[in-house]
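# Inside the fold
Spelled out, the chains give:
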Amino acid sequence: MCKKMVLIGAGSAVFTKGLMMDILERKNEKWKVALVDTDERTLKIITRICEKMIVQMDSDVELAASVERKDVLSGADYVVSTIGVGGRRAWEQDVFIPRKYGVFQPVGDTVGPGGISRAMRMIPQLIEIARDVERLCPNAMFFNYSNPMTMNCMAVRRATGVPVIGLCHGVKNGVRRAARFLELLHEEIQFTACGLNHMVFCYHMRRNGEDLFPVFKEKLGKIPPENREIGPLTETMVCEKHTYVVSDDRHFSEFVPSATAQHAYFGKTLGVDAFRFEDTIREGDEEFARYEAYAASEAPLPAGFFRREEGEHEQLMDMIASMQEDRPAIFYANLPNNGAAANLPDQTVVERAAVFSGSGIQSVQLTDFPTFLLPPMMRFAAIYEVAVQAALSGDVKLLECAIEEASLPLGREAVHKMTEELLAAHRSYLPQFA
(Lines give C-alpha, C1' and ligand atoms only; values in the text may rest on other atoms or scores of the structure.)
Protein backbone atom coordinates (compact mmCIF):
# COMPACT_ATOMS: atom_id res chain seq x y z
CA MET A 1 0.00 0.00 0.00
CA CYS A 2 1.31 3.45 -0.93
CA LYS A 3 1.65 5.92 1.94
CA LYS A 4 1.77 9.70 1.61
CA MET A 5 3.83 12.15 3.66
CA VAL A 6 3.60 15.94 3.45
CA LEU A 7 6.64 17.85 4.70
CA ILE A 8 5.75 21.46 5.55
CA GLY A 9 8.81 23.65 5.91
CA ALA A 10 10.83 21.67 3.39
CA GLY A 11 13.30 24.56 3.17
CA SER A 12 14.84 23.13 6.35
CA ALA A 13 17.39 21.56 4.03
CA VAL A 14 19.34 19.28 6.36
CA PHE A 15 16.16 17.80 7.85
CA THR A 16 14.62 17.27 4.39
CA LYS A 17 17.77 15.56 3.10
CA GLY A 18 17.96 13.23 6.12
CA LEU A 19 14.29 12.28 6.02
CA MET A 20 14.36 11.73 2.25
CA MET A 21 17.35 9.41 2.63
CA ASP A 22 15.47 7.40 5.26
CA ILE A 23 12.46 7.09 2.96
CA LEU A 24 14.52 6.28 -0.14
CA GLU A 25 16.35 3.48 1.66
CA ARG A 26 13.05 1.66 2.31
CA LYS A 27 13.04 -0.19 -0.99
CA ASN A 28 10.14 -2.47 -0.07
CA GLU A 29 7.76 0.40 0.67
CA LYS A 30 5.83 2.66 -1.68
CA TRP A 31 5.83 6.36 -0.76
CA LYS A 32 4.50 9.65 -2.06
CA VAL A 33 6.27 12.71 -0.65
CA ALA A 34 4.96 16.26 -1.02
CA LEU A 35 7.27 19.17 -0.21
CA VAL A 36 5.78 22.48 0.97
CA ASP A 37 7.53 25.78 1.59
CA THR A 38 6.17 29.30 1.31
CA ASP A 39 9.45 30.54 -0.23
CA GLU A 40 9.20 29.59 -3.92
CA ARG A 41 12.93 29.93 -4.62
CA THR A 42 13.86 27.78 -1.62
CA LEU A 43 11.26 25.18 -2.57
CA LYS A 44 12.66 24.89 -6.12
CA ILE A 45 16.16 24.33 -4.75
CA ILE A 46 15.09 21.62 -2.30
CA THR A 47 12.83 19.96 -4.85
CA ARG A 48 15.69 19.73 -7.34
CA ILE A 49 17.94 18.20 -4.66
CA CYS A 50 15.29 15.60 -3.84
CA GLU A 51 14.78 14.79 -7.53
CA LYS A 52 18.49 14.11 -7.86
CA MET A 53 18.45 11.94 -4.74
CA ILE A 54 15.58 9.84 -6.13
CA VAL A 55 17.43 9.24 -9.39
CA GLN A 56 20.80 8.49 -7.81
CA MET A 57 19.31 6.14 -5.22
CA ASP A 58 17.24 4.39 -7.92
CA SER A 59 13.97 4.92 -6.09
CA ASP A 60 10.34 4.96 -7.22
CA VAL A 61 9.25 7.54 -4.61
CA GLU A 62 6.68 9.91 -6.12
CA LEU A 63 7.61 13.53 -5.47
CA ALA A 64 5.38 16.62 -5.53
CA ALA A 65 5.99 20.21 -4.42
CA SER A 66 3.84 23.27 -3.78
CA VAL A 67 4.01 26.63 -2.07
CA GLU A 68 0.37 26.05 -1.09
CA ARG A 69 -0.10 23.18 1.37
CA LYS A 70 -3.82 22.93 0.65
CA ASP A 71 -2.94 21.63 -2.81
CA VAL A 72 -1.15 18.54 -1.45
CA LEU A 73 -2.60 17.72 1.99
CA SER A 74 -5.52 15.66 0.75
CA GLY A 75 -4.92 11.96 1.29
CA ALA A 76 -1.89 12.43 3.52
CA ASP A 77 -1.14 9.72 6.05
CA TYR A 78 1.57 11.74 7.80
CA VAL A 79 2.11 15.49 8.01
CA VAL A 80 5.44 16.77 9.32
CA SER A 81 6.13 20.38 10.27
CA THR A 82 9.64 21.79 10.33
CA ILE A 83 8.63 25.40 9.69
CA GLY A 84 10.69 28.33 10.93
CA VAL A 85 8.59 31.46 10.45
CA GLY A 86 10.84 34.30 9.31
CA GLY A 87 13.84 32.00 8.80
CA ARG A 88 17.33 32.76 10.09
CA ARG A 89 16.94 36.52 9.67
CA ALA A 90 14.03 36.61 12.15
CA TRP A 91 15.87 34.17 14.42
CA GLU A 92 18.79 36.61 14.57
CA GLN A 93 16.51 39.32 15.95
CA ASP A 94 15.26 36.96 18.68
CA VAL A 95 18.84 36.81 19.97
CA PHE A 96 20.31 40.19 19.03
CA ILE A 97 17.52 42.36 20.47
CA PRO A 98 17.68 40.82 23.99
CA ARG A 99 21.46 41.30 23.93
CA LYS A 100 20.89 45.05 23.96
CA TYR A 101 19.18 44.60 27.33
CA GLY A 102 21.83 42.30 28.80
CA VAL A 103 20.31 38.89 28.01
CA PHE A 104 22.70 36.61 26.12
CA GLN A 105 21.29 33.38 24.68
CA PRO A 106 23.24 30.68 22.81
CA VAL A 107 20.19 29.41 20.86
CA GLY A 108 17.11 31.50 21.54
CA ASP A 109 14.61 29.03 20.06
CA THR A 110 13.13 27.43 23.20
CA VAL A 111 12.85 29.70 26.23
CA GLY A 112 13.96 33.11 27.47
CA PRO A 113 13.06 36.26 25.48
CA GLY A 114 14.26 34.70 22.22
CA GLY A 115 12.28 31.48 22.54
CA ILE A 116 9.12 33.25 23.67
CA SER A 117 9.44 35.75 20.82
CA ARG A 118 9.79 32.86 18.39
CA ALA A 119 6.67 31.22 19.82
CA MET A 120 4.60 34.32 19.08
CA ARG A 121 5.18 34.00 15.32
CA MET A 122 5.26 30.18 15.17
CA ILE A 123 2.01 29.46 16.96
CA PRO A 124 -0.42 31.26 14.59
CA GLN A 125 1.05 29.47 11.57
CA LEU A 126 1.05 26.04 13.23
CA ILE A 127 -2.56 26.51 14.26
CA GLU A 128 -3.51 27.26 10.65
CA ILE A 129 -1.61 24.17 9.48
CA ALA A 130 -3.38 22.03 12.09
CA ARG A 131 -6.77 23.34 10.95
CA ASP A 132 -5.93 22.43 7.36
CA VAL A 133 -4.84 18.95 8.48
CA GLU A 134 -8.12 18.52 10.37
CA ARG A 135 -10.13 19.60 7.32
CA LEU A 136 -8.22 17.99 4.45
CA CYS A 137 -6.62 14.85 5.93
CA PRO A 138 -8.32 14.25 9.30
CA ASN A 139 -6.89 10.76 9.68
CA ALA A 140 -3.28 11.87 9.20
CA MET A 141 -0.80 11.85 12.06
CA PHE A 142 0.61 15.34 12.60
CA PHE A 143 4.24 15.48 13.77
CA ASN A 144 5.90 18.73 14.79
CA TYR A 145 9.66 19.34 14.89
CA SER A 146 9.43 23.15 15.00
CA ASN A 147 10.70 25.01 18.06
CA PRO A 148 9.80 26.14 20.65
CA MET A 149 8.49 22.59 20.90
CA THR A 150 6.60 22.70 24.20
CA MET A 151 4.75 25.96 23.58
CA ASN A 152 3.96 25.08 19.97
CA CYS A 153 2.40 21.72 20.85
CA MET A 154 0.48 23.11 23.82
CA ALA A 155 -0.98 25.92 21.70
CA VAL A 156 -1.98 23.70 18.76
CA ARG A 157 -3.75 21.18 20.98
CA ARG A 158 -5.54 23.92 22.91
CA ALA A 159 -6.65 25.96 19.89
CA THR A 160 -7.63 23.11 17.57
CA GLY A 161 -7.83 19.83 19.47
CA VAL A 162 -5.57 18.27 16.80
CA PRO A 163 -3.37 15.72 18.63
CA VAL A 164 0.01 16.97 17.41
CA ILE A 165 3.01 14.86 18.42
CA GLY A 166 6.24 16.74 19.13
CA LEU A 167 9.49 15.03 18.15
CA CYS A 168 13.10 15.90 18.95
CA HIS A 169 16.29 13.86 18.75
CA GLY A 170 17.65 15.47 21.92
CA VAL A 171 17.29 12.40 24.17
CA LYS A 172 18.94 10.03 21.68
CA ASN A 173 21.67 12.56 20.93
CA GLY A 174 22.28 13.20 24.63
CA VAL A 175 22.60 9.51 25.45
CA ARG A 176 25.06 9.13 22.57
CA ARG A 177 27.11 11.99 24.05
CA ALA A 178 27.09 10.34 27.47
CA ALA A 179 28.08 7.01 25.94
CA ARG A 180 31.07 8.56 24.19
CA PHE A 181 32.15 10.15 27.46
CA LEU A 182 31.76 6.84 29.31
CA GLU A 183 33.46 4.96 26.45
CA LEU A 184 30.44 2.74 25.91
CA LEU A 185 28.13 1.99 23.01
CA HIS A 186 24.89 3.94 23.39
CA GLU A 187 22.98 0.67 22.88
CA GLU A 188 24.54 -0.60 26.11
CA ILE A 189 22.94 2.13 28.23
CA GLN A 190 19.47 1.70 29.73
CA PHE A 191 17.96 4.98 30.89
CA THR A 192 14.84 6.83 31.98
CA ALA A 193 14.35 10.50 31.18
CA CYS A 194 11.61 13.10 31.44
CA GLY A 195 11.32 16.87 31.23
CA LEU A 196 10.36 19.84 29.12
CA ASN A 197 11.90 19.84 25.65
CA HIS A 198 15.57 20.89 25.86
CA MET A 199 15.41 20.56 29.66
CA VAL A 200 15.02 16.78 29.82
CA PHE A 201 16.45 15.05 32.90
CA CYS A 202 17.91 11.54 32.60
CA TYR A 203 17.60 10.30 36.18
CA HIS A 204 18.29 6.58 35.68
CA MET A 205 21.33 5.45 33.71
CA ARG A 206 22.44 1.80 33.89
CA ARG A 207 24.52 -0.82 32.11
CA ASN A 208 23.64 -4.44 32.78
CA GLY A 209 21.82 -3.32 35.92
CA GLU A 210 24.77 -1.28 37.22
CA ASP A 211 24.15 2.38 38.12
CA LEU A 212 26.39 4.43 35.80
CA PHE A 213 26.28 7.69 37.73
CA PRO A 214 29.15 6.76 40.08
CA VAL A 215 31.22 5.91 36.99
CA PHE A 216 30.15 9.20 35.40
CA LYS A 217 31.24 11.19 38.45
CA GLU A 218 34.56 9.36 38.68
CA LYS A 219 35.41 10.09 35.03
CA LEU A 220 34.46 13.75 35.45
CA GLY A 221 37.00 13.98 38.24
CA LYS A 222 39.76 12.55 36.08
CA ILE A 223 39.26 14.26 32.70
CA PRO A 224 40.23 17.94 32.21
CA PRO A 225 37.20 20.20 31.53
CA GLU A 226 38.38 21.05 27.99
CA ASN A 227 38.22 17.34 27.04
CA ARG A 228 34.86 16.44 28.57
CA GLU A 229 32.18 17.24 25.95
CA ILE A 230 29.99 17.76 29.05
CA GLY A 231 29.12 21.33 30.06
CA PRO A 232 29.72 22.58 33.61
CA LEU A 233 26.02 23.07 34.39
CA THR A 234 25.32 19.51 33.30
CA GLU A 235 28.36 18.31 35.25
CA THR A 236 26.94 19.91 38.40
CA MET A 237 23.62 18.11 37.87
CA VAL A 238 25.44 14.78 37.48
CA CYS A 239 27.58 15.25 40.57
CA GLU A 240 25.05 16.85 42.90
CA LYS A 241 21.69 15.48 41.74
CA HIS A 242 22.50 12.13 40.15
CA THR A 243 20.90 13.49 36.97
CA TYR A 244 22.19 14.00 33.43
CA VAL A 245 20.68 16.77 31.27
CA VAL A 246 20.44 15.25 27.79
CA SER A 247 20.54 18.59 25.94
CA ASP A 248 23.78 19.59 27.72
CA ASP A 249 24.55 23.24 28.44
CA ARG A 250 23.88 24.75 25.01
CA HIS A 251 20.14 24.47 25.61
CA PHE A 252 20.02 23.88 29.37
CA SER A 253 21.83 27.15 30.14
CA GLU A 254 18.79 29.08 28.87
CA PHE A 255 16.74 27.52 31.68
CA VAL A 256 19.22 29.07 34.14
CA PRO A 257 18.50 32.81 33.64
CA SER A 258 21.39 33.91 35.86
CA ALA A 259 23.77 32.29 33.36
CA THR A 260 22.51 34.52 30.53
CA ALA A 261 24.04 37.72 31.90
CA GLN A 262 27.25 38.95 30.27
CA HIS A 263 30.30 36.93 31.45
CA ALA A 264 27.98 34.91 33.76
CA TYR A 265 28.54 31.47 32.22
CA PHE A 266 31.69 30.46 34.12
CA GLY A 267 33.39 33.68 33.03
CA LYS A 268 32.13 33.46 29.45
CA THR A 269 29.18 35.04 27.67
CA LEU A 270 26.58 32.69 26.20
CA GLY A 271 26.12 33.03 22.47
CA VAL A 272 29.32 35.08 22.17
CA ASP A 273 32.34 33.10 23.36
CA ALA A 274 30.39 30.05 24.57
CA PHE A 275 28.21 28.29 21.94
CA ARG A 276 28.62 31.23 19.58
CA PHE A 277 25.26 32.06 18.02
CA GLU A 278 26.72 33.81 14.97
CA ASP A 279 28.50 30.57 14.05
CA THR A 280 25.19 28.70 14.07
CA ILE A 281 23.66 31.24 11.70
CA ARG A 282 26.73 31.32 9.44
CA GLU A 283 26.81 27.53 9.20
CA GLY A 284 23.13 27.47 8.25
CA ASP A 285 23.65 30.09 5.53
CA GLU A 286 26.69 28.24 4.19
CA GLU A 287 24.87 24.90 4.17
CA PHE A 288 21.99 26.37 2.18
CA ALA A 289 24.44 27.96 -0.29
CA ARG A 290 25.92 24.50 -0.90
CA TYR A 291 22.46 23.10 -1.58
CA GLU A 292 21.78 25.95 -3.98
CA ALA A 293 24.97 25.14 -5.89
CA TYR A 294 24.10 21.43 -6.03
CA ALA A 295 20.63 22.26 -7.38
CA ALA A 296 22.01 24.61 -10.06
CA SER A 297 24.62 22.12 -11.26
CA GLU A 298 23.93 19.61 -14.02
CA ALA A 299 26.27 17.16 -12.28
CA PRO A 300 24.98 14.43 -9.97
CA LEU A 301 25.14 14.98 -6.25
CA PRO A 302 28.61 14.12 -4.89
CA ALA A 303 29.05 10.78 -3.13
CA GLY A 304 29.76 12.55 0.16
CA PHE A 305 26.28 14.09 0.06
CA PHE A 306 24.80 10.68 0.89
CA ARG A 307 26.92 10.15 3.99
CA ARG A 308 24.71 9.25 6.95
CA GLU A 309 24.44 12.12 9.46
CA GLU A 310 22.82 12.53 12.86
CA GLY A 311 19.88 14.91 13.02
CA GLU A 312 16.30 15.58 14.00
CA HIS A 313 14.93 13.32 11.26
CA GLU A 314 16.60 10.23 12.67
CA GLN A 315 13.81 8.15 14.23
CA LEU A 316 10.68 9.23 12.36
CA MET A 317 10.64 6.38 9.83
CA ASP A 318 11.37 3.86 12.59
CA MET A 319 8.40 5.24 14.54
CA ILE A 320 6.17 4.95 11.50
CA ALA A 321 7.36 1.39 10.86
CA SER A 322 6.57 0.43 14.47
CA MET A 323 2.99 1.62 13.98
CA GLN A 324 2.47 0.34 10.43
CA GLU A 325 3.93 -3.10 11.14
CA ASP A 326 2.65 -3.30 14.73
CA ARG A 327 6.13 -3.84 16.16
CA PRO A 328 5.98 -2.06 19.54
CA ALA A 329 9.01 0.08 20.31
CA ILE A 330 9.82 2.87 22.75
CA PHE A 331 10.71 6.35 21.54
CA TYR A 332 10.71 9.75 23.22
CA ALA A 333 7.92 12.17 22.28
CA ASN A 334 6.41 15.46 23.46
CA LEU A 335 2.85 14.80 24.65
CA PRO A 336 0.48 16.23 27.28
CA ASN A 337 1.60 15.25 30.77
CA ASN A 338 -1.69 13.66 31.88
CA GLY A 339 -0.15 12.51 35.14
CA ALA A 340 3.09 11.14 33.71
CA ALA A 341 5.12 13.38 36.01
CA ALA A 342 3.27 13.95 39.28
CA ASN A 343 2.33 17.51 40.28
CA LEU A 344 2.74 18.97 36.79
CA PRO A 345 -0.41 20.25 35.04
CA ASP A 346 -2.01 17.64 32.77
CA GLN A 347 -2.01 20.03 29.79
CA THR A 348 1.73 20.79 29.98
CA VAL A 349 3.50 19.05 27.11
CA VAL A 350 6.23 16.81 28.54
CA GLU A 351 8.99 14.91 26.76
CA ARG A 352 9.17 11.31 27.91
CA ALA A 353 9.06 7.71 26.71
CA ALA A 354 6.10 6.45 24.73
CA VAL A 355 5.27 3.11 23.11
CA PHE A 356 4.68 3.29 19.35
CA SER A 357 2.71 0.34 17.98
CA GLY A 358 -0.23 -0.64 15.82
CA SER A 359 -2.44 0.72 18.60
CA GLY A 360 -0.96 4.18 18.18
CA ILE A 361 1.10 6.02 20.80
CA GLN A 362 0.78 5.27 24.52
CA SER A 363 2.73 7.39 26.98
CA VAL A 364 4.78 5.74 29.71
CA GLN A 365 3.77 6.84 33.21
CA LEU A 366 6.72 7.71 35.47
CA THR A 367 5.77 6.95 39.06
CA ASP A 368 9.38 7.40 40.21
CA PHE A 369 10.05 10.88 38.78
CA PRO A 370 12.26 12.60 41.40
CA THR A 371 10.51 15.33 43.37
CA PHE A 372 13.71 17.39 43.55
CA LEU A 373 13.47 17.91 39.77
CA LEU A 374 9.96 19.35 40.00
CA PRO A 375 10.83 23.01 40.87
CA PRO A 376 12.42 23.93 37.50
CA MET A 377 9.78 21.91 35.65
CA MET A 378 6.93 23.64 37.47
CA ARG A 379 8.47 27.09 37.05
CA PHE A 380 8.85 26.81 33.30
CA ALA A 381 5.55 24.99 32.86
CA ALA A 382 3.92 28.09 34.40
CA ILE A 383 5.93 30.42 32.14
CA TYR A 384 4.93 28.40 29.08
CA GLU A 385 1.28 28.56 30.13
CA VAL A 386 1.42 32.37 30.26
CA ALA A 387 3.29 32.57 26.93
CA VAL A 388 0.80 30.27 25.19
CA GLN A 389 -2.09 32.40 26.43
CA ALA A 390 -0.27 35.49 25.11
CA ALA A 391 0.23 33.89 21.70
CA LEU A 392 -3.41 32.84 21.46
CA SER A 393 -4.89 36.11 22.71
CA GLY A 394 -2.42 38.75 21.51
CA ASP A 395 -2.22 40.12 25.06
CA VAL A 396 0.99 42.16 25.32
CA LYS A 397 0.84 42.25 29.12
CA LEU A 398 0.87 38.47 29.26
CA LEU A 399 3.77 38.42 26.81
CA GLU A 400 5.76 40.82 28.99
CA CYS A 401 4.98 38.71 32.04
CA ALA A 402 6.28 35.53 30.37
CA ILE A 403 9.45 37.25 29.16
CA GLU A 404 10.09 38.81 32.56
CA GLU A 405 9.70 35.51 34.42
CA ALA A 406 11.94 33.65 31.94
CA SER A 407 14.75 36.23 32.09
CA LEU A 408 17.30 37.40 34.62
CA PRO A 409 16.04 40.43 36.59
CA LEU A 410 15.93 43.39 34.18
CA GLY A 411 13.29 45.70 35.63
CA ARG A 412 9.83 46.33 34.23
CA GLU A 413 10.87 49.22 31.99
CA ALA A 414 13.61 47.20 30.28
CA VAL A 415 11.26 44.24 29.76
CA HIS A 416 8.63 46.58 28.30
CA LYS A 417 11.09 48.17 25.86
CA MET A 418 12.57 44.84 24.81
CA THR A 419 9.11 43.38 24.20
CA GLU A 420 8.11 46.40 22.13
CA GLU A 421 11.26 46.06 20.03
CA LEU A 422 10.71 42.33 19.45
CA LEU A 423 7.10 42.93 18.43
CA ALA A 424 8.16 45.69 16.03
CA ALA A 425 10.87 43.53 14.45
CA HIS A 426 8.43 40.68 13.75
CA ARG A 427 5.23 42.64 13.18
CA SER A 428 4.48 41.09 9.78
CA TYR A 429 4.44 37.61 11.38
CA LEU A 430 2.22 38.51 14.36
CA PRO A 431 -1.43 38.80 13.30
CA GLN A 432 -2.65 38.30 16.87
CA PHE A 433 -0.89 41.51 18.01
CA ALA A 434 -2.06 43.64 15.09
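An account of the accompanying structure is given in this report. (Residues numbered from 1 in each chain as written. Predicted model: local features only at pLDDT ≥ 70, side-chain atom pairs only at ≥ 80, totals over all residues. Heavy atoms only, no water.)

### Here we look at the overall build of the chain
The helix and strand tally for the chain stands at 14 helices and 13 strands. At 21 Å, the chain has a C-alpha radius of gyration in line with the 22 Å of a compact globule built from 434 residues. Along the first, second and third principal axes, the C-alpha set of the chain runs to 55 × 55 × 40 Å. Looking at the 434 residues of the chain, the share that counts as buried comes to 55%. At a minimum sequence separation of 6, the contacts of the chain that also span at least 24 residues come to 71%. If you sum the accessible surface of the chain, you get close to 17900 Å²; carbon and sulfur atoms cover 51% of it. The chain carries 48 positive and 59 negative side-chain charges, and their two centres are separated by 1 Å. (Helix = DSSP H or I, 4+ residues; strand = E, 2+ residues; numbered from the N terminus. Rg over C-alpha atoms; globule rule 2.2 N^0.38 Å. Buried < 20%, exposed > 50% of the residue type's maximum accessible area, 1.4 Å probe, protein only. Contact = heavy atoms within 4.5 Å. Areas by Shrake-Rupley, 256 points an atom, 1.4 Å probe, with all protein chains shown as cover. Lys, Arg positive; Asp, Glu negative; His and termini not counted. Charge placed at Lys NZ, Arg CZ, Asp CG, Glu CD.)

### Topic: the environment of Val 72
Locating Val 72 in the fold gives a position in the loop between strand 3 (62-66) and strand 4 (78-81). Of the residues examined, Val 72 reaches a relative accessible area of 8% and is grouped as buried. Along the primary structure Val 72 and Ala 34 are separated by 38 residues, whereas in three dimensions their C-alpha atoms are 6.5 Å apart. Dropping the residues within four chain positions of it, Val 72 is found in contact with Lys 4, Val 6, Ala 34, Val 36 and Ser 66.

### Some words on the side chain of Asn 334
Following the sequence through the fold, Asn 334 ends up in strand 11 (residues 329-336). At a separation of 3.4 Å, a polar atom in the side chain of Asn 334 contacts the side chain of Glu 351. Ignoring anything within four residues of it in the chain, the contact list for Asn 334 reads Met 149, Val 164, Ile 165, Gly 166, Leu 167, Cys 168, Asn 197, Val 349, Val 350 and Glu 351. (Polar contact = N/O pair within 3.5 Å; in protein donor to acceptor, adjacent residues only side chain to side chain.)

### Points about the layout of surface pockets
If you roll a probe as big as a water molecule over the atoms, it shows you where there is empty space left. If you add up the space inside the second largest pocket, you get close to 370 Å³. Together, 19 residues line the second largest pocket, and Phe 191, Gln 315, Ile 330, Phe 331 and Tyr 332 are the ones closest to its centre. Contributions of two or more residues to the lining of the second largest pocket are made by helix 6 (170-182), strand 7 (190-196) and strand 11. If you tally residues by element for the lining of the second largest pocket, the top one is helix 6, at four residues. Split by residue class, the lining of the second largest pocket holds eleven nonpolar, four polar and four charged. (1 Å grid on protein atoms, 1.4 Å probe; cavity = no way out; pocket = protein on both sides within 12 Å on 5 of 7 lines; lining within 4 Å. Points joined across faces, edges and corners; volume = space filled by probe spheres on them. Nonpolar A, V, L, I, M, F, W, Y, C, P; charged D, E, K, R; others polar.)

### Topic: the packing of helix 4 (residues 112-136) against helix 13 (residues 396-406)
The contact between helix 4 and helix 13 brings their axes to 8 Å, and the two run at 150°. It follows from the interaxial angle that helix 4 and helix 13 lie roughly antiparallel. Along this stretch, helix 4 crosses helix 13, giving a crossing that reads as right-handed. Residues Gly 112, Pro 113, Ile 116 and Met 120 of helix 4 touch helix 13, and the partners they reach there are Leu 399, Ala 402, Ile 403 and Ala 406. Its residues placed into classes, the contact of helix 4 with helix 13 shows seven nonpolar, one polar and no charged. (Axes fitted to C-alpha atoms, helices over the stretch in contact; angles between N-to-C directions. Parallel < 35°, antiparallel > 145°, perpendicular 65-115°, else oblique. Left-handed = near helix turned anticlockwise from the far one by under 90°.)

### What to know about the nonpolar core
Side chains of a nonpolar character, in soluble globular proteins, are inclined to be buried together. Among the nonpolar cores identified, the biggest contains 74 residues, and Val 79, Ile 116, Met 120 and Phe 369 are the most heavily contacted of them. Setting aside anything within four residues of it in sequence, one finds Phe 369 in contact with Cys 194, Tyr 203, Ala 341, Leu 374 and Met 377. Core analysis: the second largest hydrophobic core is formed by 44 residues, Leu 19, Tyr 145, Ala 295 and Met 317 among them. (Core = buried A, V, L, I, M, F, W, Y, C linked by side-chain atoms within 4.5 Å.)

### A few points about unusual backbone geometry
With omega at 0°, the peptide bond leading from Asn 147 into Pro 148 counts as cis. On the secondary structure map, Pro 148 appears in the loop between strand 5 (141-144) and helix 5 (149-160). Look at Asn 208: it is not a glycine, yet its phi comes out positive at around 55°. The exposure class assigned to Asn 208 is exposed, which follows from its relative accessible area of 70%.

### Quick look at the pairing of strand 1 (residues 2-8)
Judged by how many residues are buried, strand 1 sits mostly within the fold: five of seven residues are covered. The pairing of strand 1 with strand 2 (residues 30-36) spans seven bridges and is classified as parallel. When the bridges of strand 2 are listed, Leu 7 appears paired with Leu 35. With respect to chirality, the unit in which strand 1 leads through helix 1 (residues 13-24) into the neighbouring parallel strand 2 is right-handed. (Pairing = 2+ DSSP bridges. Right-handed = clockwise from strand over helix to strand, strands pointing away.)

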